[in-house]
Amino acid sequence: MNNQLTIAMPKGRIFEEAVNLLRRAGYNLPDEFDDSRKLIIEVPEEELRFILAKPMDVPTYVEHGVADVGVAGKDVMLEEERDVYEVLDLKISECYMAVAGLPGYQKKDINPKVASKYPNLAAHYFKKQGEQVEIIKLNGSIELAPLIGLADRIVDIVSSGQTLKENGLVELETIEPITSRFIVNPVSYRMKAERIDKMVERLFDVVEEE
Ligand SMILES: Nc1ncnc2c1ncn2[C@@H]1O[C@H](COP(=O)(O)OP(=O)(O)OP(=O)(O)O)[C@@H](O)[C@H]1O
Ligand SMILES: O=P(O)(O)OC[C@H]1O[C@H](OP(=O)(O)OP(=O)(O)O)[C@H](O)[C@@H]1O
């Protein structure tokens, strides 16, 4: 039987930390992981195949079953709401989701606008708060929106707080903490239970060592 596992990994910020975690969990990952533009990396010795995807797309690959497992930020999980199991908090790439705006911002009743790269997450949040807002989807440089008058508030990730500070914005509300999660396709979890459980156990041990 084919015992290979396909892992969807987020390119960018999370990648290095996730690779480190897997190495510490005992997976022997070659130097190719440290400096390569390849989007598929096979590691036959470990019976693993890695696909390197945009962070926001990882749950899509896992939901469709072209990847058995993956690593995705909680922000992405909340935004995408894909049909996958979230089995472990890897406690890497820590940051948090917040509402921010210009200092002295006062809530307004007429046509409040919120810009975000996370329109679903933002819509859920404001609905829960009982506030009706118009969400404007942007793909990056979210902090620009209040500065240029596109929106009066933003929903975005905060890590060091430097981007808000350098752009003269302040945090208005904290939404929730964000870390990366290990996610699993439900069918793979049935068909490859032993292999996946082993991987989760090994990762759990490393995460709990911290
Ligand atoms: N300061 C931070 N800013 C953004 N994302 C962060 C930060 N710290 C940790 N993260 C995590 O990293 C993930 C984003 O990684 P990265 O910034 O590489 O991707 P991206 O911004 O979605 O990429 P791109 O803009 O190229 O589509 C988020 O999903 C989040 O979980
Ligand atoms: O609190 P900080 O440490 O400053 O980090 C937060 C900033 O980092 C992210 O942007 P990113 O660098 O991914 O750029 P982009 O979303 O504008 O493309 C996020 O969208 C914030 O702008």
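Residues numbered from 1 in each chain as written. Chains lettered and ligands numbered in written order. Predicted model: local features only at pLDDT ≥ 70, side-chain atom pairs only at ≥ 80, totals over all residues.

Some points on the domain arrangement of the protein
Which entries qualify depends on this criterion: Domains are outlined according to an automatic or database domain assignment. Each residue is assigned to one of three groups, with Ala, Val, Leu, Ile, Met, Phe, Trp, Tyr, Cys and Pro labelled nonpolar, Asp, Glu, Lys and Arg labelled charged, and all others, Gly among them, labelled polar.
According to the domain assignment, the protein consists of domain 1 (5-93 + 179-209) and domain 2 (95-175). Using C-alpha coordinates to define each centre, domain 1 is positioned 30 Å away from domain 2. Partitioning the side of domain 1 that touches domain 2 into residue classes produces one nonpolar, one polar and three charged.

Topic: helix α1 (residues 13-24)
Stated precisely, the cut-off is as follows: Residues with at least 20 neighbouring C-beta atoms inside 10 Å of their own are called buried, those with 12 or fewer are called exposed, and the rest are partly exposed, where every C-beta is derived from the backbone. What counts as a helix is a DSSP run of H or I of at least four residues, what counts as a strand is a run of E of at least two, and both are numbered from the N terminus. Note: the arc covers the axis-to-C-beta directions of the helix. A pair of residues counts as a contact when their C-beta atoms, built from backbone coordinates, are separated by no more than 7 Å.
Taken residue by residue, α1 has Ile14, Ala18, Leu21 and Leu22 as its buried positions. Relative to the axis of α1, the buried residues are bounded by an arc of 95° and lie together on one face. Looking at the buried positions of α1, the neighbouring elements they touch are β1 (5-10), β4 (69-73), β11 (180-184) and α8 (193-209). After α1 finishes, the residue Gly26 shows a positive phi value of roughly 100°.

Concerning the site of ligand 2
Defined as follows: Here, nearness means that the C-beta atom of a residue, built from backbone geometry, sits within 6 Å of the molecule or strand in question.
Taken together, the residues surrounding ligand 2 are Gly140, Ser141, Ile142, Glu143, Asp156, Ile157, Val158, Ser159, Ser160, Gly161, Gln162 and Thr163. Secondary-structure elements contributing two or more residues to the shell around ligand 2 are β9 (153-158) and α6 (162-166). If one sorts the elements of the shell around ligand 2 by residue count, β9 sits on top with three residues.

Observations concerning the environment of Gln4
As for its placement among the helices and strands, Gln4 is situated in the segment before β1. Placed 42 residues apart in sequence, Gln4 and Glu46 show a C-alpha to C-alpha distance of 8.3 Å. When sequence neighbours within four positions are dropped, the list of residues in contact with Gln4 reads Glu47, Leu48 and Arg49.

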